[in-house]
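Overview (structure and organization)
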Amino acid sequence: MAYDRYVAICRPLHYLVIMKPHLCGLLILVSWVVSVLYALLQSLMVLRLSFCMNLEIPHYFCELNQVVQLACSDTFLNEVVIYVAAILLGGGPLTGILYSYSKIFSSIHAISLAQGMNKAFSTCASHLSVVSLFYCMSLGVYLSSAVTQNSRSTSTASVMYTVVTPMLNPFIYSLRNQDLNSALRRLFERERLNVN
């Protein structure tokens, strides 16, 4: 999405040449392959661990950090792999996103028309809000699980980035739709009148 926004705003005349269906398919394929290889790596790393009897994971699903913490054997290698993969697979895309948006914002400042600036900012705002929500929540989960053993707060944060963020995606991206904006305005005005 960040690369698509970068090409659409910074190189609008070349958009159709650059963003061919072949490139879009290749970007999706690379994303899926990396995800599958990461899942396979983590599954194989967990298989080498030994676990004690009668353990419960204090989560709604098997969070990898929680599974590794319950192991009876040495988990140093697993923890190293988890954090190196998090840096590469989380930091790499984040670096690309920040780079593309820095280019976008520098291009937006070169736009002299206010209408063009507003359109460019509204195009980027929805994606940035979803990305920042996801990264903040996931970073909070992994940092809090390293610092504290409070399973309730970690579980709540896990649900935030695995359930709430994907649920908000359609809502956030549809805020650019004028029909939805006018319907929300009417709803809030009706609620305000009912309160008064």
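Given the structure is predicted, the values throughout are model-derived calculations rather than measurements. (Residues numbered from 1 in each chain as written. Predicted model: local features only at pLDDT ≥ 70, side-chain atom pairs only at ≥ 80, totals over all residues. Heavy atoms only, no water.)

**Regarding the overall build of the protein chain**
Scanning the protein chain from N- to C-terminus turns up eight helices and zero strands. Listed by position from the N terminus, the elements making up the protein chain come as α-α-α-α-α-α-α-α. Burial analysis of the protein chain (196 residues in total) assigns 24% to the buried set. A separation threshold of at least 6 residues defines the contact pool for the protein chain, and within that pool the share at least 24 residues apart is 58%. Surface exposure of the protein chain reaches about 13,400 Å², of which carbon and sulfur atoms provide 68%. (Helix = DSSP H or I, 4+ residues; strand = E, 2+ residues; numbered from the N terminus. Buried < 20%, exposed > 50% of the residue type's maximum accessible area, 1.4 Å probe, protein only. Contact = heavy atoms within 4.5 Å. Areas by Shrake-Rupley, 256 points an atom, 1.4 Å probe, with all protein chains shown as cover.)

**Here's the deal with helix H5 (residues 76-110)**
With 35 residues, H5 extends 50 Å from end C-alpha to end C-alpha; this agrees with the ideal 51 Å at 1.5 Å per step. Every buried residue of H5 is listed here: Asn78, Val81, Ile82, Ala85, Gly90, Ile97, Ser100, Tyr101, Ile104 and Ile108. (Expected span 1.5 Å × (residues − 1).)

**So, the packing of aromatic side chains**
Taken as a whole and judged by the stated rule, the model has three aromatic pairs. Look at Tyr3 and Tyr6: their rings are 6.2 Å apart centre to centre, the planes differ by 35 degrees, and that puts the pair in the tilted class. Taken as a pair, Tyr3 and Tyr6 lie in helix H1 (residues 2-10) at a separation of three residues, close to a single helical turn. You can call Tyr3 partly exposed: its relative accessible area is 39%. For the ring pair Phe134 and Tyr135, a centre distance of 5.8 Å and an interplane angle of 80 degrees mean the geometry is edge-to-face. A relative accessible area of 33% places Phe134 in the partly exposed class. (Phe/Tyr/Trp six-rings, centres within 6.5 Å; stacked < 30°, edge-to-face > 60°.)

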